[in-house]
Each structure stands twice: as C-alpha cells, then as structure tokens.
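# Structural overview
Here is what each chain is made of, one letter per residue.
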Amino acid sequence: MSRVKSMSHCKLFSFVLPAAAALLFVAAVPISPAGAQDAPQGPLAPPPEHHVNRIGAVAEPEAPPSLPEAEIVRRFSQKEDEYIVSRTHYTYRKTIRIQEFGPDGQPSGEFVLVTQPGRDADGKLFEKVVEKPISTLPHLFLRSEDLEGLQRVPVFPLTTAQLAKYDLKYLGKEQVDEIDCYLFQAKPRMVERVKAYFDGIVWVDAKYLEIVKTYGKWVTDQGEVRTVADLPFGLFETYRENVDGKYWFPNYTRSDATLNLKGLAIPVRLVIKWTDFKPLPNAAQNAAPATATATPKP
C-alpha cells in the first residue's frame with residue numbers, strides 16, 4: 001500500500017515558528033540583538049508554497065518504538081553521512097533570490113543568481129554561474145562574489161563525524177503538517193575561527209528517522225555568521241525533499257531580516273531553491289549504498 005504525505009504550504013510570517021518550537025527555540029538559543037530576526041519584520045508577504053512529498057511503494061513500517069535519544073541521533077546522523085556523499089553525484093539548479101520590500105509590503109526589486117555544481121581541473125567542486133545575474137534592487141548593489149559566504153555553510157552539519165562537536169538535547173515531539181517529528185536542539189560545544197557550526201533546531205521524522213527541516217544560525221568564534229556580505233541574514237529555515245525515492249536533500253531555505261540603510265529600515269528576504277536534481281553519469285555505480293534504515297524506494 002503506497003504512502004503519501006506532504007508538508008502543505010508553510011504559512012510563515014517572517015520567522016514565526018509553530019508555537020511550541022518557537023518557545024523552545026527562544027528559551028534554548030539566545031540570540032544577540034544584532035541577530036534577533038525571529039520577530040516579524042514588517043508587512044512581508046507569506047512565503048510561496050513548499051511541499052515535501054513522502055512517497056513509497058511498499059507497506060508502511062510500524063512506527064518505531066520509543067527509542068533512546070542516543071539511538072535516534074545515531075540513526076539520523078548515519079543517514080546524513082549517506083546523503084552528503086550521494087549529493088556529490090547529482091547535478092542540480094540552484095536559484096538564489098534576494099528581495100527588497102517597500103512600505104506596502106510588496107517586493108520593490110530583486111537580485112537573482114542561478115548556478116549549478118561543477119568541478120575544476122583538480123576535481124574540486126565549485127558553483128558555476130549558468131545565467132547572467134539580474135538585479136532590480138533599488139537600494140542594494142550585489143555581485144556574484146558577495147554571495148560566496150553561502151557556499152561555505154555546511155548543508156549537512158550533523159554527520160557522525162561532527163556529532164562529538166555538538167550538544168544535542170531532545171525537546172519533544174511536534175507534528176509538521178502530517179509528519180510526526182522529534183525535535184532536537186543542537187548547540188556547538190566549542191567554536192572555531194575558520195569553520196561555522198550550526199546552532200538551532202532540527203526536526204527528525206519520527207518514523208524514518210531522517211532530518212526533514214532545520215531552523216537556526218551558523219556561528220564561529222567571531223559570533224554569528226553573516227552569509228551574504230553586508231546583509232543581516234543570520235537565521236535560516238530549511239526544508240528537504242526526496243530525490244529518487246531515497247535521498248533527502250535540502251531544496252528550499254529562507255531568511256528574513258531588516259536592513260538599516262541611510263536611515264531606512266528595509267525588509268529584505270533571501271530564498272534559495274535547489275531544483276532539477278539529476279544523477280551524474282556513472283553516479284549509480286559511485287553513489288553510497290542505501291543503509292538498511294533508508295526510506296523505501298518508490
């Protein structure tokens with residue numbers, strides 16, 4: 001019997017979380033005044049619809065028993081190991097959009113950059129621009145290199161190799177639309193100068209024990225990381241989608257903030273979308289094998 005579940009449109013206004021998670025996040029993750037973006041930032045329109053489809057072609061397994069917290073963490077971190085390797089065997093289209101909003105709450109201009117992964121002569125991965133950047137921003141002047149900080153933020157921060165660097169605290173359960181999730185707070189035990197660490201909350205599918213959503217910021221020993229030069233984006237909400245019925249890759253992330261510029265308080269928004277995932281040639285032979293606990297193929 002097939003299974004179909006979806007995260008229907010997430011009607012968020014700025015950074016307003018579901019009530020339970022918002023209270024836990026505010027209590028557990030202190031935010032400096034410079035990075036306090038989780039309050040409504042003005043008359044911003046709600047985000048576009050974002051759906052997470054969960055599809056399988058075999059009978060649904062029974063919900064797992066009440067597992068020890070350490071076992072839940074072990075299982076979802078092992079899947080993160082698998083996904084971080086598997087993602088390198090896919091190409092995709094990444095669209096970065098930065099918008100300014102006017103007093104009426106409507107977009108007054110935007111900057112759009114489209115990239116896809118590539119490899120240099122030494123085989124090192126990089127993001128190559130595939131469409132000429134377009135900007136209609138009335139107040140900001142952005143270049144492609146101003147967004148380089150986005151490339152240095154880890155996509156899968158809680159792999160097994162990274163677990164020792166975090167304190168993970170179980171916060172309880174919460175339903176994200178039709179998906180029952182475990183909530184974990186992740187805080188770095190120590191920070192470094194050259195590497196950013198995740199400080200926030202992860203939602204873990206209670207049935208298949210894989211991360212489906214994250215919300216938080218990135219920090220170094222210099223404080224909160226600003227991933228876009230000269231812009232106040234610090235807190236990010238990220239959703240994931242199923243690729244080929246077995247891999248859960250981030251495909252939508254959003255950050256809202258207010259830019260203070262020349263006496264003006266300008267609401268700004270960053271949205272990144274990953275689309276058109278396609279396996280690279282020979283990816284089937286090179287991709288990491290699915291673990292025994294991986295989501296069934298459709």
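Here, residues in each chain are numbered from 1, in the same order as that chain's written sequence. Restriction of local features to residues with pLDDT of at least 70 applies here, the model being predicted, together with a cutoff of 80 or more for giving and counting side-chain atom pairs; totals for whole chains, interfaces and linings are based on all residues. Side-chain calculation: all heavy atoms of the structure are included, whereas hydrogens and water are not.

## Digging into the pattern of salt bridges
Salt bridge, as used here, is a side-chain nitrogen of Lys or Arg placed within 4 Å of a carboxyl oxygen of Asp or Glu. Tallied over the entire structure, the rule returns 16 salt bridges. Note that arginine 193 is salt-bridged to aspartate 221, the shortest N-O span being 3.0 Å. Taken together, the positions of arginine 193 in the loop between β7 (179-188) and β8 (197-205) and aspartate 221 in the loop between β9 (211-220) and β10 (223-224) put the pair 28 residues apart, joining distant regions of the chain. Residue glutamate 237 is joined to lysine 213 by a salt bridge in which the shortest nitrogen-to-oxygen separation is 3.0 Å. Of this pair, glutamate 237 sits in strand β11 (residues 236-243) while lysine 213 is found in strand β9, placing the two residues 24 residues apart along the sequence. Burial status follows relative accessibility: with a 1.4 Å probe on protein chains alone, a residue under 20% of its type maximum counts as buried, one over 50% as exposed, and anything between as partly exposed. For glutamate 237, a relative accessible area of 4% translates into the label buried. Owing to a relative accessible area of 3%, lysine 213 belongs among the buried residues under this scheme. Counting from the N terminus, the helices are DSSP H or I runs at least four residues long and the strands are E runs at least two residues long.

## Digging into the confidence of the model for the protein
Looking at the protein as a whole, the pLDDT averages 78, with 72% of positions reaching at least 70. Think of pLDDT as the predictor's per-residue confidence, scored from 0 to 100. The contact rule is simple, with two residues in contact once any of their heavy atoms fall within 4.5 Å. Low pLDDT, under 50, characterises residues 1-47; the predicted model gives this stretch 134 contacts beyond four residues in sequence or across chains. Low pLDDT (under 50) marks residues 284-298, which in the prediction has 34 contacts with non-local residues, meaning those over four places away or in another chain.

## Quick notes on the pairing of β11
Extensive coverage of β11 is indicated by the burial of seven of its eight residues. If DSSP finds at least two bridges between two strands, the strands pair. In terms of strand pairing, β9 meets β11 through four bridges, oriented antiparallel. Bridging across to β11, tyrosine 215 finds its partner in glutamate 237. Bridge analysis of β11 against strand β12 (residues 247-261) gives seven bridges, and the strand direction is antiparallel. Pairing of tyrosine 239 across the sheet is with tyrosine 252, part of β12.

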